[in-house]
Amino acid sequence: MSKISLCYRLFSILMILYVVAVYNSPYTFASTTMQSNSNKAEQSLQQLIDQADTNAILQLEAGEYNGSIMIQKPITIIGAPDVVLVIEKGQAAIVIESDNVTLSSIEINDKRTDSSTAVITATGKEIELEQLKIKTRATGIAIDDTNESNIANNEIIWSGKSSEKLSSRGNGIQLYNAENMTITNNNINGMYDGIYSENSLNIEIRNNTVQNSRYAYHLMYGSNIQLIENYSFANITGMMVMTSQNINLQNNILEKQAGNVNSQGILLYAAMDIAIKRNIVAESRVGIYVEQSSGIEISENDIHHNFVALQFIDSSEQNIQDNNFIGNVTNIWSDSTSIPNIIHNYWDTFQGLDLDGDQFSDLIYASSPFFMELVERRPGFQLFFGSNGIQFVEQLYQDNKDQWLQDSAPRMQSHNLLESDQAGQSSWLMVFIWTLLLIGSIIIIYKSRRR
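Cut-off values and rules
Residues numbered from 1 in each chain as written. Predicted model: local features only at pLDDT ≥ 70, side-chain atom pairs only at ≥ 80, totals over all residues. Heavy atoms only, no water. Helix = DSSP H or I, 4+ residues; strand = E, 2+ residues; numbered from the N terminus. Buried < 20%, exposed > 50% of the residue type's maximum accessible area, 1.4 Å probe, protein only. Contact = heavy atoms within 4.5 Å. Salt bridge = Lys/Arg side-chain N within 4 Å of Asp/Glu carboxyl O. pLDDT = per-residue confidence, 0-100. Pairing = 2+ DSSP bridges.

1. Observations concerning the environment of S293
(1) Moving on: Mapped onto the fold, S293 is located in the loop between β28 (286-291) and β29 (294-299).
(2) Moving on: When its relative accessible area of 3% is taken as the criterion, S293 is described as buried.
(3) Moving on: Taking C-alpha positions, S293 is 9.9 Å from S338, a pair spaced 45 residues apart along the chain.
(4) Moving on: Excluding its chain neighbours within four sequence positions, the residues that come into contact with S293 are L268, Y269, A270, A271, D314, S315, S316 and Q318.

Below is the structure:
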């Protein structure tokens with residue numbers, strides 16, 4: 001065998017060994033890396049969870065993942081821009097059955113048409129669900145037997161047809177047997193109930209927004225629940241509190257709950273010890289409706305441009321104080337069993353007389369039930385609200401005036417409900433601004449003198 005032939009064979013063997021080595025190497029061929037990237041969007045999130053250690057932080061890279069997962073150990077799963085979990089028709093959804101689980105910064109596209117199970121079902125404690133964007137026809141988040149958990153900064157949107165009736169939709173966030181939880185800064189649109197809580201206690205619901213739903217905030221069999229600084233717009237009812245006690249509704253804005261004959265800004269039924277304070281209730285069919293309830297404190301609210309501002313049925317121990325009533329068709333209406341204590345409210349339809357200068361009228365304001373009773377018998381007369389004829393007849397109507405609801409010392413002027421909360425902040429802000437102006441003036445004068 002010649003030397004050339006031997007060299008040729010050795011070279012061929014070396015080339016074969018090189019190709020084999022390169023083929024099995026994870027570092028060289030560009031096509032191997034590209035294939036890995038292309039499979040990333042198709043890989044199962046469940047596999048990544050199963051492979052992760054307990055208490056691990058799983059950082060997902062951009063792409064689509066199978067959103068049908070079961071979490072049964074403490075873990076943190078954090079998404080990134082363009083991370084999407086897709087739940088296909090017929091698949092199970094996301095189930096959390098562990099304490100200390102966090103899901104964050106993920107978009108979830110629920111393509112199921114069956115609304116019987118929620119997108120996320122969670123049981124345990126110290127569960128964090130934050131910065132999730134959920135598109136679904138089912139309930140977005142269902143929390144059962146959970147405590148010390150937080151649901152924050154999520155967006156939950158109805159993904160079905162806008163014409164589909166509300167009763168066939170799921171809730172945005174749903175709590176059952178929950179305790180010591182916070183629900184904050186969530187945005188919910190087009191669901192059955194925005195936030196529904198049943199048999200729960202020590203819950204703080206703060207700074208959420210609910211639109212185009214049935215009840216924006218719905219409490220059943222609850223105790224010690226705070227509804228603070230929330231917003232409700234164009235729902236059938238803004239806040240529904242039923243068979244609950246020790247509930248605080250404060251600094252909420254409830255607007256345009258008027259699209260249904262049963263619309264109310266706030267609805268209380270069989271409730272006890274409810275504080276309704278410093279809310280704005282506007283442009284609703286009934287601003288605040290109270291039935292079979294007791295221990296109701298309604299104070300410092302701005303209640304304006306509702307058909308009926310306040311309505312009481314078969315209730316007791318109501319205190320109505322320091323509210324503004326502006327532009328309502330009927331300010332207050334009650335059946336004969338409900339006689340609330342009313343004092344120091346502002347009524348825009350009342351012209352009082354203040355002889356001692358204490359800013360309260362020495363004349364009593366009496367709320368005429370004439371227009372309300374007229375509309376109850378002949379609904380078509382709603383068209384004549386505000387007309388000179390109705391106002392003239394209402395002034396003549398004096399039947400059973402001693403039984404009308406009365407404010408014994410009405411305010412002469414409306415008061416700014418935000419003034420006391422913001423006074424301290426405003427004063428500090430003015431001090432800061434004047435300090436900057438003073439420093440600027442000194443610098444300008446100093447530089448001008450040097451020149």
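2. Concerning the pattern of salt bridges
(1) Moving on: If you walk through the whole model with that rule in mind, you get 9 salt bridges.
(2) Moving on: In this structure, the salt-bridge partner of E107 is K135, at a minimum N-O distance of 3.7 Å. One end of the pair, E107, is in strand β7 (residues 101-110); the other, K135, is in strand β9 (residues 127-136), and 28 residues separate them in sequence.
(3) Moving on: Overall, E107 belongs to the partly exposed group, its relative accessible area being 26%.
(4) Moving on: Residue R214 is joined to D193 by a salt bridge in which the shortest nitrogen-to-oxygen separation is 2.9 Å. Here the residue R214 occupies a position in the loop between β18 (209-211) and β19 (215-220), and D193 occupies one in strand β16 (residues 193-198), the gap between them amounting to 21 residues.
(5) Moving on: With relative accessibility at 18%, the residue R214 sits in the buried group.
(6) Moving on: Through salt bridges with shared partners, one network takes in E204, R206 and E229.

3. Some points on the confidence of the model for the protein
(1) Moving on: Per-residue confidence for the protein gives a mean pLDDT of 84, with 76% of residues at or over 70.
(2) Moving on: The low-confidence segment residues 19-42, where pLDDT is below 50, has 11 contacts with residues more than four positions distant or belonging to other chains.
(3) Moving on: A low-confidence stretch, residues 419-427 (pLDDT under 50), is modelled with 4 contacts involving residues beyond four sequence positions or located in other chains.

4. Considering the environment of L267
(1) Moving on: One can find L267 in strand β25 (residues 264-269).
(2) Moving on: A relative accessible area of 11% means that L267 is categorised as buried.
(3) Moving on: Along the sequence, L267 and G238 sit 29 residues apart, while their C-alpha atoms lie 7.9 Å from each other.
(4) Moving on: For L267, the residues in contact, after removing those within four places along its chain, are T237, M239, M240, V241 and Y289.

5. Digging into the pairing of β29
(1) Moving on: Taking burial as the measure, the 6 residues of β29 include 5 buried ones, the bulk of the element.
(2) Moving on: Strand direction decides the pairing type here: β29 and strand β32 (residues 316-321), joined by 5 bridges, are parallel. Within β32, the position partnered with E297 by the bridge is N319.

6. A word on the pairing of strand β20 (residues 223-228)
Every regular strand shows the same layout, with side chains that alternate between the two sheet faces.
(1) Moving on: With 5 bridges connecting them, strand β17 (residues 201-206) and β20 associate as parallel partners. Each bridged residue has a counterpart across the sheet, and for L201 the counterpart in β20 is S223.
(2) Moving on: Of the pairings in the sheet, the one linking β20 to strand β23 (residues 245-250) comprises 5 bridges and is parallel in character. Considered in β23, the bridge of I225 is made with I247.

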